Amino acid sequence: SDIWSLGCVIYQMATGKHLFHGHHEYDIFNAVVRVAYKLPDDFPNTIGDLIQKLVVRIFEPCYC
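Residues numbered from 1 in each chain as written. Predicted model: local features only at pLDDT ≥ 70, side-chain atom pairs only at ≥ 80, totals over all residues. Heavy atoms only, no water.

Asker: Before we go on, may I ask you to explain the environment of Gly-7 in this structure?
Answerer: Within the fold, Gly-7 resides in helix H1 (residues 2-15). A relative accessible area of 0% means that Gly-7 is categorised as buried. For Gly-7 and Val-56, which are 49 residues apart along the polypeptide, the C-alpha to C-alpha distance reads 9.2 Å. Those residues in contact with Gly-7, other than ones at most four positions away along the chain, are Ile-51, Leu-54 and Val-55. (Helix = DSSP H or I, 4+ residues; strand = E, 2+ residues; numbered from the N terminus. Buried < 20%, exposed > 50% of the residue type's maximum accessible area, 1.4 Å probe, protein only. Contact = heavy atoms within 4.5 Å.)

Asker: Help me understand the environment of Gln-12 in this model?
Answerer: With respect to the element layout, Gln-12 can be found in helix H1. Here Gln-12 falls in the partly exposed class, since its relative accessible area comes to 35%.

Asker: Would you explain unusual backbone geometry in this entry?
Answerer: Among all residues save glycine, negative phi is the norm, and among peptide bonds the norm is trans. Of note, Val-35 is a non-glycine position whose phi angle comes to about 50 degrees, a positive value. Along the chain, Val-35 turns up in the loop between helix H2 (25-34) and helix H3 (45-54).

Asker: What should I look at first to understand the nonpolar core in this one?
Answerer: General note: in soluble globular proteins, nonpolar side chains tend to be found buried as a group. Ranked by size, the top nonpolar core spans eleven residues in total: Trp-4, Cys-8, Tyr-11, Leu-19, Phe-20, Ala-31, Val-32, Leu-39, Phe-43, Ile-51 and Val-55. Counting only elements with at least two residues in this core, the list comes to H1 and H2. (Core = buried A, V, L, I, M, F, W, Y, C linked by side-chain atoms within 4.5 Å.)

Asker: Just to check I follow, could you spell out the environment of Ala-31 for this structure?
Answerer: By the element assignment, Ala-31 lies in helix H2. In this structure the C-alpha to C-alpha distance between Ala-31 and His-21, which are ten residues apart in sequence, comes to 7.2 Å. When residues no more than four places from it in sequence are discounted, the contact partners of Ala-31 are Phe-20, His-21 and Ala-36.

Asker: I would appreciate a short explanation of the pattern of salt bridges in the present structure.
Answerer: Oppositely charged side chains are able to pair whenever their charged atoms sit close together. Taken as a whole and assessed by the stated rule, the structure comprises one salt bridge. The closest approach of N and O atoms between Lys-38 and Asp-41, which form a salt bridge, is 3.3 Å. With respect to burial, Lys-38 and Asp-41 carry one shared label: exposed. (Salt bridge = Lys/Arg side-chain N within 4 Å of Asp/Glu carboxyl O.)

Asker: I keep staring at H1 and nothing clicks. Help me out?
Answerer: Because each turn of an α-helix spans 3.6 residues, side chains separated by three or four positions end up pointing in the same direction. Here H1 contains 14 residues, and its C-alpha end-to-end distance of 20 Å stays within 8% of the 20 Å for a straight helix at 1.5 Å per residue. Within the sequence span of H1, burial applies to Trp-4, Gly-7, Cys-8 and Tyr-11. All buried residues of H1 project into a common sector of 95 degrees when viewed along the axis, lining one side. What points out from H1, more than 90 degrees from its buried face, is the exposed set Asp-2 and Met-13. Tucked inside the fold, the buried residues of H1 contact H2 and H3. (Expected span 1.5 Å × (residues − 1). Arc of directions from axis to C-beta.)

Structure (structure tokens):
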């Protein structure tokens, strides 16, 4: 989703690093599916809260 991507881009703009890490594409994919990321300890709370609200599990079934 575009909202999820926005959270990843904001993180990258603030840190210069990718939000999800892994040794291979499969590891990164699993990190994305599990929403497994850690914000740095000195990360600003305002930006961290925004990222946590944007980068949520996107693979939930939609009953639209």
